[in-house]
Amino acid sequence: MSPSLIFMLVAIIVVGVALLIIIAKTRGRGGLLDQQKYREAWLKIENNLDKSNLATFQFAVLSADKLLDQALKESGIKGEKMADRLKNAKEKFSNVNQIWAAHKLRNVIAHEPDAKVNLLGAKRALATFKKALKELGAI
């Protein structure tokens, strides 16, 4: 074998090992979120709002909560349920108590068929979810 061929093989092995080390160290921590995907999803939520129809706001709260949960998962935040992930990610947010309130509103909408949700509360929850997604780097 020629020395240049040996050098090339060694260089390929070194680069391969370096890449494996980088992958191993970053695995499980989550990476950068696909902002385009999250922006499009958020715009879809906003574009489906009908100011004269409270049900569209309730559905938007459900969708926004789900979107935040997806972003938490993709960011590598551990937890079996969203509540667990929120507990584990509390240092990432400036408004964690508002996020909890918005998530609780989502639970009311999802689990109480006769839930009375007002438009202001739904708008407030949506603003909170949007801010949380921004702070997480999703949008």
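What you are looking at is a predicted structure, and each value in this text was computed from that prediction instead of being measured.

A. Structural context of the overall build of the chain. Helix and strand counts for the chain stand at six helices and zero strands. Seen through its C-alpha atoms, the chain measures out along the principal axes to roughly 80 × 30 × 25 Å. When burial is assessed residue by residue, the chain has 32% of its 139 residues classed as buried. Within the chain, counting contacts between residues at least 6 apart in sequence, those at least 24 apart form 65% of the total. Only carbon and sulfur atoms are counted for the fraction: they give 60% of the accessible area of the chain, which is about 9300 Å². Here the chain contributes 23 positively and 13 negatively charged side chains, and the mean placements of these two sets differ by 4 Å.

B. Just the pattern of salt bridges, in detail. Scanning all chains against the criterion turns up five salt bridges. With a closest N to O distance of 3.8 Å, Asp69 and Lys73 form a salt bridge. With Asp69 and Lys73 both in helix H3 (residues 54–74) and four residues apart, this pair spans about one turn of that helix. Relative accessible area serves as the criterion here: at 12%, Asp69 is assigned to the buried category. Put simply, Arg85 and Asp69 hold a salt bridge, and the shortest N to O gap is 2.7 Å.

C. Broad picture of helix H5 (residues 96–111). When the terminal C-alpha atoms of H5 are compared, their 22 Å separation across 16 residues agrees well with the 22 Å that a helix rising 1.5 Å per residue should span. Three or more residues of H5 are buried, namely Val96, Ile99, Ala102, His103, Leu105 and Ile109. The elements touched by buried residues of H5 are H3, helix H4 (82–88) and helix H6 (119–136).

D. Summary view of the environment of Leu67. With respect to the helices, strands and loops of the structure, Leu67 is situated in helix H3. With relative accessibility at 7%, the residue Leu67 sits in the buried group. For Leu67 and Leu133, which are 66 residues apart along the polypeptide, the C-alpha to C-alpha distance reads 8.4 Å. Other than its neighbours up to four places away in sequence, Leu67 contacts Tyr38, Ala41, Trp42, Ile45 and Leu133.

E. Seen up close, the packing of helix H2 (residues 35–47) against H3. It is at 10 Å that the axes of H2 and H3 come closest, and there the two elements cross at 170 degrees. Taken together, H2 and H3 sit at an angle that is classed as roughly antiparallel. Each of Lys37, Tyr38, Ala41, Trp42 and Ile45 in H2 lies in contact with H3, whose residues at this interface are Ala60, Ser63, Ala64, Leu67, Gln70, Ala71 and Glu74. In terms of residue class, the contact of H2 with H3 is built from eight nonpolar, two polar and two charged.

F. Representation of a nonpolar patch on the surface within the structure. A cluster of nonpolar side chains, namely Met1, Leu5, Ile6, Met8, Leu9, Val10, Ile12 and Val14, defines an oily patch on the protein surface of about 790 Å² accessible area. By secondary structure assignment, the location of Val10 is in helix H1 (residues 3–26).

G. Representation of the nonpolar core within the structure. Trp42, Val61, Leu68, Leu72, Phe93, Phe129 and Leu133 are the most contacted members of the largest nonpolar core, which totals 33 residues. When residues of this core are traced back to their parent elements, those giving at least two are H2, H3, H4, H5 and H6. Of the residues forming this core, the biggest block, eight residues, is contributed by H3. In this structure Leu68 touches Met82, Phe93, Ile99, Phe129, Ala132, Leu133 and Leu136, once residues within four positions along its chain are discounted.

Reading the values: the criteria
- Residues numbered from 1 in each chain as written.
- Predicted model: local features only at pLDDT ≥ 70, side-chain atom pairs only at ≥ 80, totals over all residues.
- Heavy atoms only, no water.
- Helix = DSSP H or I, 4+ residues; strand = E, 2+ residues; numbered from the N terminus.
- Buried < 20%, exposed > 50% of the residue type's maximum accessible area, 1.4 Å probe, protein only.
- Contact = heavy atoms within 4.5 Å.
- Areas by Shrake-Rupley, 256 points an atom, 1.4 Å probe, with all protein chains shown as cover.
- Lys, Arg positive; Asp, Glu negative; His and termini not counted.
- Charge placed at Lys NZ, Arg CZ, Asp CG, Glu CD.
- Salt bridge = Lys/Arg side-chain N within 4 Å of Asp/Glu carboxyl O.
- Expected span 1.5 Å × (residues − 1).
- Axes fitted to C-alpha atoms, helices over the stretch in contact; angles between N-to-C directions.
- Parallel < 35°, antiparallel > 145°, perpendicular 65-115°, else oblique.
- Nonpolar A, V, L, I, M, F, W, Y, C, P; charged D, E, K, R; others polar.
- Patch = residues over 30% accessible without salt bridge, like charges linked within 9 Å, V, L, I, M, F, W, Y side chains within 5 Å.
- Core = buried A, V, L, I, M, F, W, Y, C linked by side-chain atoms within 4.5 Å.

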